[in-house]
Amino acid sequence: MNEPTVSVIMPVLNEERTVVGAVQSVLAQEDVDIEVLVIDGCSVDATAPLVRDMAAKDPRVRLLENPAVIIPAALNVGLAAA
């Protein structure tokens, strides 16, 4: 598999109501090789399981952990993985 041209870094925390739609919206982009890096800040809802399920079905989606919880740390995790 070629390296993606675009990496979308998506910090999340307790976003079970919106995360699936947000990821699907990114994946629907046409004419671009894309990956979605969802960085979870220790959600206590179903955010991580929902993203994990999406990642199991689509290799362009990856779930990463942000134990520091804050957005700048999530961005650093995403940048390191991109």
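Each remark here, short or long, concerns the structure printed above.
1. Examining the pairing of strand β1 (residues 6-12)
Each regular strand displays side chains that alternate between the two surfaces of the sheet.
Here comes step 1: Pairing analysis gives seven bridges linking β1 to strand β2 (residues 34-40), with the strands arranged parallel. Directly across from V6, in β2, lies its bridge partner I34.
Here comes step 2: In the classification by handedness, the crossover that spans β1, the intervening helix α1 (residues 19-27) and the parallel β2 is right-handed.

2. A short note on helix α2 (residues 47-57)
Here comes step 1: Looking only at α2, the buried set comprises T47, A48, V51 and M54. Down the axis, α2 shows its buried residues gathered within 125 degrees of arc, on one side only. Exposed side of α2, more than 90 degrees from the buried face: A56 and K57 are the residues found there.
Here comes step 2: Where α2 is buried, its residues contact β1, α1, β2 and β3 (61-65).

Parameters and conventions
Residues numbered from 1 in each chain as written. Predicted model: local features only at pLDDT ≥ 70, side-chain atom pairs only at ≥ 80, totals over all residues. Heavy atoms only, no water. Pairing = 2+ DSSP bridges. Helix = DSSP H or I, 4+ residues; strand = E, 2+ residues; numbered from the N terminus. Right-handed = clockwise from strand over helix to strand, strands pointing away. Buried < 20%, exposed > 50% of the residue type's maximum accessible area, 1.4 Å probe, protein only. Arc of directions from axis to C-beta. Contact = heavy atoms within 4.5 Å.

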